[in-house]
Amino acid sequence: MKNLRMKMARMQLGMSQTELAQAVGVTRQTIGLIESGEFNPSIRLCVAICRALHTTLNDLFWEEEHGKDTL
Amino acid sequence: MEKTRYDERQESQLLRIESKGGAFAWWGLLAVILGQWVVFGSDFSRLAGELAVFLPLSVYLGVSSLLSGLRDRYWPATVRGKLLLALLFGLSAGGLNALAIALHPQRAWGRPLPMFLTLLISVFAFAFLALLCLEALWRRRRKALDEEREEE
């Protein structure tokens, strides 16, 4: 599933994929694959991305299950 | 953790490549060894090079899996599962040996049917006992790992 929230957060800050990748210490391709939903990052990388984009894990990575209580 | 120039996606990609490479090497060596033995009638002294890589590789894979508590990914850890697996080993060893004898009757390997039955029974019995021992070790190791994790 594509992570459009991450892409939006990045674009709102005016960051390119390359800039975000440099900020969190990964390759641009990795950022692209996370945004396109083809790679599941570790919680450590998720936290680094959230810090770089000044947002939270909930905002970028949490997905509500429709019709079910979560947790 | 070792210093690496790769990020976690590249590392996981590299691990997948290495894993496939390892599987290819293991199955490839097995096929080459069996092919030389059965089809070309080579004895084991001619397979020393392949065996020098294949046996340590197999021991490494087996011991590492055991130490990590990994054993039952595909095959169930039941008595029936072990009996079936041992039977499969016995049938493979007996069948391939019988085929090798049939293809190379000049080699002094005995007659196909008695050798088939001998290998079937002996490999089956050995494999079943080995699997029982390995499972006992695996259970002990898994218990130790579980207790270790609970203490943390």
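Chemist: Quick question: what am I supposed to make of the overall build of chain A here?
Modeler: In terms of regular secondary structure, chain A is built from 5 helices and 0 strands. In chain A, the succession of helices and strands from N to C terminus is α-α-α-α-α. Against the globule reference of 11 Å for 71 residues, chain A gives a C-alpha radius of gyration of 12 Å, in line with a compact fold. With the C-alpha coordinates aligned to their principal axes, the bounding extent of chain A is approximately 40 × 20 × 20 Å. Looking at chain A as a whole, 35% of its 71 residues qualify as buried. When contacts within chain A are restricted to residue pairs at least 6 apart in sequence, those whose partners lie at least 24 apart make up 52%. Approximately 4,900 Å² of chain A is accessible, and the part contributed by carbon and sulfur atoms is 52%.

Chemist: Help me understand the overall build of chain B, please; the structure alone is not making it clear to me.
Modeler: Within chain B one finds 4 helices and 0 strands. In chain B, the order of α-helices and β-strands from amino to carboxyl end is α-α-α-α. For chain B, whose C-alpha radius of gyration is 20 Å, the value lies well above the compact-globule estimate of 15 Å for 152 residues. Along the first, second and third principal axes, the C-alpha set of chain B runs to 60 × 40 × 20 Å. Within chain B, residue pairs in contact and separated by at least 24 positions form 68% of the contacts whose partners lie at least 6 positions apart. Only carbon and sulfur atoms are counted for the fraction: they give 68% of the accessible area of chain B, which is about 11,100 Å².

Chemist: Just to check I follow, could you spell out the interface of chain B and chain A for this structure?
Modeler: Many descriptions give the size of an interface as the accessible area lost when the pieces come together. At the interface, 5 residues of chain B touch 10 residues of chain A. Here chain B packs against chain A, burying approximately 560 Å² in sum over the two surfaces, 51% of which is carbon and sulfur. For chain B, the biggest contributors to the area lost against chain A are Asp7(B), Glu8(B) and Arg9(B); these three give 90% of the whole. Our enumeration of links across chain B and chain A arrives at 0 salt bridges. For the pair chain B and chain A, the number of links is 6 residue pairs in polar contact (both at pLDDT 80 or more).

Chemist: Please clarify how the packing of helix α2 (residues 17-24) of chain A against helix α4 (residues 43-52) of chain A should be interpreted in this entry.
Modeler: How two helices sit against one another is set out by the angle between their axes and by the gap between those axes. All names here are of chain A. Contact geometry for α2 and α4: axes closest at 9 Å, N-to-C directions at 120°. Classified by the interaxial angle, the pair formed by α2 and α4 is oblique. Two packed elements cross with a definite hand, and for α2 against α4 that hand is right-handed. Judged by residue contacts, Leu20, Ala23 and Val24 of α2 engage Leu45, Ala48, Ile49 and Ala52 from α4.

Chemist: Explain the domain arrangement of chain B to me, please; I cannot follow it from the model alone.
Modeler: Residue and element names in this part refer to chain B. Per the domain assignment, the segments of chain B are domain 1 (1-67) and domain 2 (69-152). Relative to domain 2, the C-alpha centre of domain 1 lies at a distance of 19 Å. Taken together, the 11 residues of domain 1 in the interface contact 16 residues of domain 2. Carbon and sulfur atoms supply 61% of the area buried between domain 1 and domain 2, which totals about 1,100 Å² over both sides. The largest per-residue losses of area from domain 1 upon contact with domain 2 belong to Trp37, Val38 and Leu66, which jointly make up 54% of the total buried on that side. In this structure, the connection of domain 1 to domain 2 is made through 0 salt bridges. Inspection of the domain 1/domain 2 interface yields 7 residue pairs in polar contact (both at pLDDT 80 or more). Looking at the side of domain 1 that touches domain 2, the elements with two or more residues in it are α1 (8-38) and α2 (48-67). Class assignment of the residues belonging to the side of domain 1 that touches domain 2 gives a composition of 7 nonpolar, 3 polar and 1 charged.

Chemist: Explain the layout of surface pockets to me, please; I cannot follow it from the model alone.
Modeler: The probe, sized like a water molecule, is rolled over the atoms to show the empty space still left. Here the largest pocket defines a volume of roughly 2,600 Å³. Along the wall of the largest pocket there are 47 residues; nearest its centre are Trp26(B), Ser58(B), Leu61(B), Gly62(B) and Phe89(B). Of all the secondary-structure elements, those providing two or more residues to the lining of the largest pocket are α1, α2, α3 (79-103) and α4 (112-151) of chain B. Element by element, the count of residues in the lining of the largest pocket is highest for α2(B), at 13 residues. Partitioned by chemical class, the residues of the lining of the largest pocket number 33 nonpolar, 8 polar and 6 charged. Both domain 1 (1-67) and domain 2 (69-152) of chain B contribute no fewer than three residues apiece to the lining of the largest pocket. In this structure, the second largest pocket spans a volume of roughly 290 Å³. Along its surface, the second largest pocket is lined by 13 residues, and Val26(A), Arg44(A), Tyr6(B), Asp7(B) and Glu8(B) are the ones closest to its centre. At the level of secondary structure, the elements contributing two or more residues to the lining of the second largest pocket comprise α4 of chain A together with α1 of chain B. Top contributing element to the lining of the second largest pocket by residue count: α4(A), with 3 residues.

What counts and how
Residues numbered from 1 in each chain as written. Chains lettered and ligands numbered in written order. Predicted model: local features only at pLDDT ≥ 70, side-chain atom pairs only at ≥ 80, totals over all residues. Heavy atoms only, no water. Helix = DSSP H or I, 4+ residues; strand = E, 2+ residues; numbered from the N terminus. Rg over C-alpha atoms; globule rule 2.2 N^0.38 Å. Buried < 20%, exposed > 50% of the residue type's maximum accessible area, 1.4 Å probe, protein only. Contact = heavy atoms within 4.5 Å. Areas by Shrake-Rupley, 256 points an atom, 1.4 Å probe, with all protein chains shown as cover. Buried area = accessible area lost by both parts, 1.4 Å probe. Salt bridge = Lys/Arg side-chain N within 4 Å of Asp/Glu carboxyl O. Polar contact = N/O pair within 3.5 Å; in protein donor to acceptor, adjacent residues only side chain to side chain. Axes fitted to C-alpha atoms, helices over the stretch in contact; angles between N-to-C directions. Parallel < 35°, antiparallel > 145°, perpendicular 65-115°, else oblique. Left-handed = near helix turned anticlockwise from the far one by under 90°. Domains from an automatic or database assignment. Nonpolar A, V, L, I, M, F, W, Y, C, P; charged D, E, K, R; others polar. 1 Å grid on protein atoms, 1.4 Å probe; cavity = no way out; pocket = protein on both sides within 12 Å on 5 of 7 lines; lining within 4 Å. Points joined across faces, edges and corners; volume = space filled by probe spheres on them.

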